[in-house]
Amino acid sequence: MKFKIYRYNPDTDTAPYMQDYDLDIEANGKMLLDAILLLKEQDDSLSVRKSCREGVCGSDAMNINGRNGLACTTPLASLKEPVVLRPLPGLPVIRDLIVDMTQFFKQYHSIKPYLINNDPPPETERLQSPEQRAHLNGLYECILCGCCTTACPSFWWNPDKFVGPAGLLQAYRFIADTRDQATSERLDDLEDPYRLFRCHTIMNCVDVCPKELNPTEAIGNIKDMMVKRLV
Amino acid sequence: MVNRVVVGAHYGLRDWLIQRISAVVMAAYSLTMAVYLLMLPRLDYDVWTGLFSSLAVRTFTLLFLLCLFFHAWIGIRDIVMDYVNSAGVRLVIHVLVVLVSLLYTIWSVQILWGM
């Protein structure tokens, strides 16, 4: 199989370049990450992040044939040759396929991704009914791989001000949680022309999410709650 | 002034709502007018002036135009926010778009009630 991989080592290269690789591999039943690891055996200078290799940790997110995705859950047989691999767009490259996710996590932390509840902690746990718990489905599964946020043009233009789809999905995850008491503060924090309203429903986020989540729907729900609060 | 990322303007919802509601008004007006004009047996100067002599048509046309200006103002502001980085230049463009929209509004009234 033929590969074209983005290479950049800031210590030795003046500019990034694309390197061709050829790998003798039976594609059926294998994932892209398997091929990348075999390529790394050929050329150990090739740098990539990976950990769980089964779509749970979210560390091997990259741009695969022009589309963001996880290398470990992308079947090799589904890819057109040459397979073009690039780092996630819109973030600074540290080396090869590794990007600096500081800005992404800064936005994630800005929405206070934790339960805010000022009641004294109960003896056992804060209970929810099965219906209340069901509202968190499709929200809590996010693995913060960054595929959606780095596919979003609004994030490309304003990464320092727009929270991005991943952060907003998590914002709604806590707004939707019946155990959280900071709903109003959370809505206040997001009511900003940049933080929330840079989303123009482009829906690249929904298109690329490897966990098949729907940040656009979550953003729509946040807007609906703001309207409900207003009228 | 220190150079820091400043957010938290606490507006945006109203603009987003206006953009959606104005879109509905514009769609309703455009469709109604298009269907009405297509169903006319003939369309000449007399029919046209006759149509716009009605107060209802004038009022709804003005409403349509106001929606258009609001819609355009928000859309242009969104583009400027993405592509113009200097706050000073951005403010000048914002003010210019508002002033032009106001001029267009006055001009629209003159046209509609001068016919």
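These numbers come from a predicted model, not from an experiment. (Residues numbered from 1 in each chain as written. Chains lettered and ligands numbered in written order. Predicted model: local features only at pLDDT ≥ 70, side-chain atom pairs only at ≥ 80, totals over all residues.)

Undergrad: Break down the overall build of chain B for me, with residues and values.
TA: When you go through chain B residue by residue, the secondary structure sums to four helices and zero strands. Written out in order from the N terminus, the α and β elements of chain B read α-α-α-α. Computed over the C-alpha atoms, the radius of gyration of chain B is 19 Å, more than 25% above the 13 Å expected from 2.2 N^0.38 for a compact globule of 115 residues. Overall, chain B is about 65 × 25 × 20 Å in size when its C-alpha atoms are taken along their principal axes. (Helix = DSSP H or I, 4+ residues; strand = E, 2+ residues; numbered from the N terminus. Rg over C-alpha atoms; globule rule 2.2 N^0.38 Å.)

Undergrad: If you had to explain the sheet that holds strand 2 (residues 17–22) of chain A to someone new, which residues and values would you point to?
TA: Residue and element names in this part refer to chain A. The five strands are arranged 2-1-5-3-4 in an open sheet whose pairing can be described as mixed. In this open sheet, the two strands that pair with only one neighbour each are strand 2 and strand 4 (67–70). Taken over all neighbouring pairs, the strand axes of this sheet differ in orientation by 35° on average, direction set aside. (Pairing = 2+ DSSP bridges. Axes fitted to C-alpha atoms, helices over the stretch in contact; angles between N-to-C directions.)

Undergrad: Can you lay out the packing of helix 5 (residues 164–175) of chain A against helix 8 (residues 215–230) of chain A for me, pointing to particular residues and giving the numbers?
TA: Residue and element names in this part refer to chain A. One way to put it is that helix 5 packs onto helix 8 with a least axis distance of 9 Å and a crossing angle of 55°. When the axis of helix 5 is compared with that of helix 8, the two are oblique. You can see that helix 5 and helix 8 cross each other, and the crossing is left-handed. Residues P165, A166, L168, L169, A171, Y172 and I175 of helix 5 lie in contact with helix 8, whose contacting residues are P215, A218, I219, N221, I222 and M225. For the contact of helix 5 with helix 8, the per-class residue count stands at 12 nonpolar, one polar and no charged. (Parallel < 35°, antiparallel > 145°, perpendicular 65-115°, else oblique. Left-handed = near helix turned anticlockwise from the far one by under 90°. Contact = placed C-beta atoms within 7 Å. Nonpolar A, V, L, I, M, F, W, Y, C, P; charged D, E, K, R; others polar.)

Undergrad: Before we move on, can you summarise helix 2 (residues 102–110) of chain A with the specific residues and values?
TA: All names here are of chain A. Along helix 2, the positions that sit buried rather than exposed are F104, Q107 and Y108. The arc that holds the buried residues of helix 2, viewed along the axis, is 105°, so those residues lie on one side. Seen from the open side of helix 2, the exposed residues pointing more than 90 degrees away from its buried face are T102 and H109. Close packing links the buried residues of helix 2 with helix 5. K112 occupies a position one or two residues after helix 2 and carries a positive phi of about 55°. (Buried ≥ 20, exposed ≤ 12 C-beta atoms within 10 Å, placed from the backbone. Arc of directions from axis to C-beta.)

Undergrad: Quick rundown of the environment of I21 of chain B? Include the residues and the values.
TA: Mapping I21 of chain B onto the fold places it in helix 1 (residues 13–39). Expressed as a C-alpha distance, the spacing of I21 of chain B and S108 of chain B, which sit 87 residues apart in the sequence, is 21 Å.

Undergrad: Now, about the packing of helix 3 (residues 55–83) of chain B against helix 4 (residues 87–114) of chain B: what can you tell me, with residues and values included?
TA: Residues and elements named next belong to chain B. It is at 10 Å that the axes of helix 3 and helix 4 come closest, and there the two elements cross at 170°. In terms of their interaxial angle, helix 3 and helix 4 are classed as roughly antiparallel. Two secondary-structure elements touch here, helix 3 through R58, T61, L62, L65, L66, F69, W73, I76, R77 and V80 and helix 4 through R90, I93, H94, V97, V98, S101, Y104, T105, S108, V109, L112 and W113. Grouping the constituent residues of the contact of helix 3 with helix 4 by class yields 14 nonpolar, five polar and three charged.

Undergrad: Give a description of the environment of Y36 of chain B that names residues and reports values.
TA: Secondary-structure assignment places Y36 of chain B in helix 1. Y36 of chain B sits 49 residues away from N85 of chain B along the chain, and the two C-alpha atoms are 45 Å apart.

Undergrad: Quick rundown of the pairing of strand 4 of chain A? Include the residues and the values.
TA: Residue and element names in this part refer to chain A. Relative to strand 4, strand 3 (residues 61–64) runs antiparallel, the two being bridged by four bridges. Residue pairing for strand 4: A61 is matched across the bridge by L70. Hairpin connection between strand 3 and strand 4: a loop of two residues separates the two successive antiparallel strands, and N65 in this loop has a positive phi of roughly 50°.

Undergrad: Can you explain the nonpolar core? Please cite residues and give values.
TA: Nonpolar side chains tend toward joint burial in soluble globular proteins. The biggest cluster of nonpolar side chains holds 59 residues, and the ones touching the most others in it are A71, L168, A171, Y172 and I222 of chain A. The dominant element in this core, judged by the number of residues it contributes, is helix 5 of chain A, at seven residues. (Core = buried A, V, L, I, M, F, W, Y, C linked by C-beta atoms within 7 Å.)

Undergrad: Kindly report on unusual backbone geometry, identifying the contributing residues and their values.
TA: With omega at -10°, the peptide bond leading from E81 of chain A into P82 of chain A counts as cis. Here P82 of chain A is to be found in the loop between strand 4 and strand 5 (83–86). At D96 of chain A, a position not held by glycine, the phi torsion is positive, near 45°. Structurally, D96 of chain A can be placed in the loop between strand 6 (93–95) and strand 7 (98–99). Residue D96 of chain A is classed as buried on the basis of its 22 C-beta neighbours within 10 Å. Phi at H10 of chain B is positive, roughly 55°, even though this residue is not glycine. Mapped onto the secondary structure, H10 of chain B falls in the segment before helix 1.

Undergrad: I'd like a description of the environment of I94 of chain A, backed by residues and values.
TA: All names here are of chain A. Here I94 shows up in strand 6. The class of I94 is partly exposed, set by 16 C-beta atoms lying within 10 Å. C-alpha separation for the pair I94 and K80, spaced 14 residues apart in sequence, amounts to 27 Å. Sequence-distant contacts of I94, that is, excluding residues within four places in its chain, are made with V99 and D100.

Undergrad: Before we move on, could you go through the confidence of the model for chain B and cite the residues and values that matter?
TA: Considering every residue of chain B, the mean pLDDT works out to 93; 99% of them sit at 70 or more. Two numbers describe this predicted complex: its pTM, 0.91, and its ipTM, 0.86. (pLDDT = per-residue confidence, 0-100.)

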